[in-house]
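Chains, contacts and geometry: an overview
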Amino acid sequence: ISVMKRLSLLHPFLFMLASLVFLYQQAGVIAAPNQIIRPALVLWLTLILLAAPAYWLARDRDWAAILLTVIALSLFSPSRFFLAAGIVSLVTLGLGWIAARLLKRRVDAAQTGWLLTLIGLILVAALTIPVARQMATIPPHSDPSSNPVALEPSDSLPDIYYIVLDGYARSDILADLYRYDNSDFVRFLESKGFIVPDQNRSNYPKTALSVTSTLNMDYIDSLAPGLEEQPFWWLMSPMLDHSRVRASLESIGYQTVSITTDWGITDNPTADIYLSPRPVVLNDFESFL
């Protein structure tokens, strides 16, 4: 009986989880599913910390849990989820109250808690199942770093810097579309020994696809057949972090150094030296949240 009573108090945590899954459906293109774990734990911990003040106000565990659900919906949920979950809950509770009145039974806070727990479970399932089905369509793919290029060892290993000027267009495009003369910058680079191509084109319109293709020296459909049909950019992250170029260079003694980005998909956290200005960096879902 004690366990059953505790289960009836889970609805604040279920509504909070449902709210996060609802948001993940909007951020799923850039955020991997495991990125929901940390914010869920933080928000659940927030509810636990609020439990004592809620009990002090309500003087009853069941009413305190109901108060926490109201807080979870009103303070920590997006407006659309707040409206949808609120309407579903009010309608369900209203129908339950009418049924109880017709049967001449009393509805107390504990029974309300059970109804809210059932609603929370249904919301979590209804929002999670479509996400799980979509994840199930992701085809298996191999690790490109397991097939490095055979390079000749050398006593002299020059430093290699790979800098992506994301979104920086060609000089003629800048001139045609934005009336911007970039010639001074190009001449400066060429005077320092840089080669600046004047007819270069990207094979992909998205950074995650373009950089992954470059660092693995192949097209995405060759690296992972069927993966190019998926809408999820985060699928590129493992192949970008553990790329064929990196594996090839490390095989002859190179050490990799990476500077953190503000986008997890193009980050390389497993580099030998990972430079980050902050001890904790928000992941892509947390930034969206």
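Scroll up a little and you will see the structure.
Residues numbered from 1 in each chain as written. Predicted model: local features only at pLDDT ≥ 70, side-chain atom pairs only at ≥ 80, totals over all residues. Heavy atoms only, no water.

Examining the overall build of the protein chain
Scanning the protein chain for helices and strands turns up 13 helices and two strands. By the compact-globule yardstick of 19 Å for 289 residues, the protein chain is too spread out, its C-alpha radius of gyration being 27 Å. Principal-axis analysis of the C-alpha atoms places the extent of the protein chain at approximately 90 × 45 × 35 Å. Here the protein chain, with 289 residues, has 35% of them falling under the buried criterion. (Helix = DSSP H or I, 4+ residues; strand = E, 2+ residues; numbered from the N terminus. Rg over C-alpha atoms; globule rule 2.2 N^0.38 Å. Buried < 20%, exposed > 50% of the residue type's maximum accessible area, 1.4 Å probe, protein only.)

Things to note about the packing of aromatic side chains
This structure, assessed with the given rule, holds six aromatic pairs. For the ring pair Trp233 and Trp263, a centre distance of 5.9 Å and an interplane angle of 80° mean the geometry is edge-to-face. Remark: Trp263 occurs in the loop between β1 (257-259) and β2 (273-275) and Trp233 occurs in the loop between α10 (220-223) and α11 (237-241); sequence separation between them is 30 residues. The buried category is assigned to Trp263, whose relative accessible area is 19%. (Phe/Tyr/Trp six-rings, centres within 6.5 Å; stacked < 30°, edge-to-face > 60°.)

A few points about the nonpolar core
Tyr24, Phe81, Trp234 and Phe285 are the most contacted members of the largest nonpolar core, which totals 47 residues. Of all the secondary-structure elements, those providing two or more residues to this core are α2 (11-27), α3 (37-58), α4 (61-75), α5 (79-102), α6 (109-136) and α10. When residues in this core are grouped by element, the largest group, ten residues, is from α2. Excluding anything up to four places from it in sequence, Tyr24 contacts Ala31, Ala32, Pro33, Ile36, Val131, Met135, Trp234 and Phe285. (Core = buried A, V, L, I, M, F, W, Y, C linked by side-chain atoms within 4.5 Å. Contact = heavy atoms within 4.5 Å.)

Focus on unusual backbone geometry
Among all residues save glycine, negative phi is the norm, and among peptide bonds the norm is trans. Positive phi outside glycine occurs at Arg179, with the angle close to 55°. Mapped onto the elements of the fold, Arg179 is located in the loop between α7 (171-178) and α8 (183-191). Even without a glycine there, the phi angle at Met217 is positive, about 55°. For Met217, the location among the structural elements is in the loop between α9 (207-216) and α10. When its relative accessible area of 45% is taken as the criterion, Met217 is described as partly exposed.

Re the packing of α2 against α6
One can describe the packing of α2 onto α6 by two numbers: an axis separation of 8 Å at closest approach and a directional angle of 25°. Relative to α6, the element α2 lies roughly parallel. Crossing geometry of α2 relative to α6 is assigned as left-handed. Contacts between α2 and α6 involve His11, Leu14, Phe15, Leu17, Ala18, Val21, Phe22, Tyr24 and Gln25 from the first element and Gly113, Leu116, Thr117, Ile119, Gly120, Leu121, Leu123, Val124, Leu127, Thr128, Val131 and Met135 from the second. (Axes fitted to C-alpha atoms, helices over the stretch in contact; angles between N-to-C directions. Parallel < 35°, antiparallel > 145°, perpendicular 65-115°, else oblique. Left-handed = near helix turned anticlockwise from the far one by under 90°.)

Here's the deal with the packing of α2 against α3
Interhelical geometry of α2 versus α3 gives an angle of 150° and a closest axis separation of 10 Å. Between α2 and α3, the angle is such that the two are roughly antiparallel. In this structure, α2 meets α3 at a crossing whose hand is right-handed. Here Pro12, Phe13, Met16, Leu17 and Leu20 of α2 lie close against α3, whose contacting residues are Pro39, Ala40, Leu43, Trp44, Leu47 and Ile48. Looking at the contact of α2 with α3 residue by residue, the class counts come to eleven nonpolar, no polar and no charged. (Nonpolar A, V, L, I, M, F, W, Y, C, P; charged D, E, K, R; others polar.)

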